[in-house]
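Below are the chains, spelled out letter by letter.
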Amino acid sequence: MTGAAGGGAILEVHALHVTYESAGRAVHAVQDASLSVAEGEAVGIAGESGCGKSTLARVLLGLVPAGIAHIRNGRIAIGGVDVTGFAGRDWEQVRGQPVAIVFQDPLSFLNPVMRVGDQIGEAVRRHDSAAAVPARSAELVDLVRLQRSVLRRYPHELSGGMRQRVMLAIALGCRPRLLVADEPTTALDATTEAEILALLRELRRELGMAMLLISHDLGVLRWNCDRIYIMYAGHTVESGATAEVLSRPAHPYTRGLAGAARLARLPDGHFAMIGGDVPRLERPARLCPFLSRCDAAMARCREAMPPALPAGANGHQARCWLIAPAHREAI
Ligand code: SF4
C-alpha cells in the first residue's frame, strides 16, 4: 500500500514491522505498514491513539529507543537512501536534511535554559557557516511570522503557538525536503491550531516542501493533505486521495472512524463510536486486525490476512476482503 501521486518519492516505507521489546515481552507496534510521500506532496496518517502512527513517524528518523525498538522486517528509504539499517551517527545523513520533524509538545523539545536564537542557530550551523547564523536565524523567524525580538527570549516566555513556530523555524533551518509533523497542533487551542495549520500550508507553498502530517483529527487531515493513510493496530488499512478515502471509505474501520468524527448525535442521542476493543499487540496479526470489532466479518476473514486491494479511483486501496473481486461476484 504505497502509491505516491506522481513525482519522485522523498520517502518510501515498504512492509515495515517494528517491535518494542523489553524484559522478554514484545509489542508489535507497526506491522506490514507501507507508505510513500512524493516530493512536494502532503500526506496524512490517521488513526486512534496506539495505532502505531507516531512510532512510524519516529522510526523514520531513528528516534525510537535503541535496544528496545527493533525493525523486524521491511525497508525505509529517504531520498533514495536505504536507512533501514542505520544506527547512531548514520542518522546524521538524513536528520534535518532531507527530513525534519516537529512534535506535539514544543516545551518538551526546546531547551529551557537556552535563548530561542541560540537554539535556531544550532540548527542553522549544521548546514550553514557560523557567519551565516545571524542573518539566517532572522530569516527563519520572519518565515514563521514571529517578531525578531523572539530570538532573545527563552521558551517559557512564549505562548504555545509561538513555541510551535520556533520548533518550525528550527526544523526549517536545515532546509528539509520533507517535514514530518507529529500531532503538531494537538496541544493548542482551536484559534492557534488554525493559525499553525495555515502557516504550514503557506510554508509548503513557498518552499515546495513535502509534509507527512500525523493526526487523530480527520478534519485537520482533510483540509491539509493530498493523500491519506488510515492506520489500525499497527497496519496501514486504507489509503488514497484524502477526499476519496474520507467521502467513500472502503474499510469498515475507516467508516467507523469517519462516523465517530462527526459531531452530529445519533437518533438515540449518543455519538457514534466503534464497538469493542483494539486488539492486543503482543503477537503479530495473522488475520485482519479489525476482525474482533467488525460487523461485516465473514468466513474468509477468519482464514487469511487481506492484501491491499484496489478500492476506488486515484490509487485508493484498502485491506479488506469485502472489496476482493471474488467477494464482489458473490454478493
Ligand atoms: Fe471486516 Fe473482514 Fe474487512 Fe477485516 S477483512 S475489515 S474483518 S470485512
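Treat the numbers as computed from the prediction; the structure is a model and nothing was measured.

A.B. asks: What am I meant to see in the overall build of the protein chain here?
C.D. replies: The helix and strand tally for the protein chain stands at 10 helices and 12 strands. With respect to the three principal axes, the spread of C-alpha positions in the protein chain is 70 × 45 × 40 Å. For the protein chain, the residues scored as buried account for 50% of the 331 residues in total.

A.B. asks: I'm lost on the site of the ligand in this one. Help?
C.D. replies: Near the ligand you find His 251, Pro 252, Cys 288, Leu 291, Cys 294, Ala 296, Ala 297, Cys 301, Pro 306, Cys 320, Trp 321 and Leu 322, and these make up its full shell. Judged by the proximity of its atoms to the pocket grid, the ligand belongs to the largest cavity. Partitioned by chemical class, the residues of the shell around the ligand number 11 nonpolar, 1 polar and no charged.

A.B. asks: Explain the packing of helix α5 (residues 160–172) against helix α6 (residues 190–207) here, please?
C.D. replies: Two quantities define a packed helix pair, namely the angle between the helix axes and the distance between the axes. At their nearest, the axes of α5 and α6 sit 10 Å apart, and the two run at 20° to each other. As judged from the angle between their axes, α5 and α6 are roughly parallel. For the crossing formed where α5 meets α6, the hand is right-handed. Together, Gly 161, Gln 164, Arg 165, Leu 168 and Leu 172 of α5 and Thr 192, Glu 195, Ile 196, Leu 199, Leu 200, Leu 203 and Leu 207 of α6 make up the contact between the two elements. When the residues that make up the contact of α5 with α6 are grouped by side-chain class, the tally is 7 nonpolar, 3 polar and 2 charged.

A.B. asks: Teacher, can you tell me more about unusual backbone geometry here?
C.D. replies: Apart from glycine, the bulk of residues carry a negative phi angle, and the bulk of peptide bonds sit in the trans form. Note that the residue after Gln 97, namely Pro 98, is joined by a cis bond; omega there is 15°. Position of Pro 98 relative to the elements: it lies in the loop between β5 (81–82) and β6 (99–102). Within the chain, Ala 15 stands out as a residue other than glycine whose phi angle is a positive 50°. Position of Ala 15 relative to the elements: it lies in strand β1 (residues 9–22). For Ala 23, which is not glycine, the phi dihedral falls at a positive 50°. Tracing the chain through its elements places Ala 23 in the loop between β1 and β2 (25–38).

Parameters at a glance
- Residues numbered from 1 in each chain as written.
- Predicted model: local features only at pLDDT ≥ 70, side-chain atom pairs only at ≥ 80, totals over all residues.
- Heavy atoms only, no water.
- Helix = DSSP H or I, 4+ residues; strand = E, 2+ residues; numbered from the N terminus.
- Buried < 20%, exposed > 50% of the residue type's maximum accessible area, 1.4 Å probe, protein only.
- Near = heavy atom within 4 Å.
- 1 Å grid on protein atoms, 1.4 Å probe; cavity = no way out; pocket = protein on both sides within 12 Å on 5 of 7 lines; lining within 4 Å.
- Sits in = over half its atoms within 2 Å of the grid points.
- Nonpolar A, V, L, I, M, F, W, Y, C, P; charged D, E, K, R; others polar.
- Axes fitted to C-alpha atoms, helices over the stretch in contact; angles between N-to-C directions.
- Parallel < 35°, antiparallel > 145°, perpendicular 65-115°, else oblique.
- Left-handed = near helix turned anticlockwise from the far one by under 90°.
- Contact = heavy atoms within 4.5 Å.

Nothing here speaks to function; it is all geometry.
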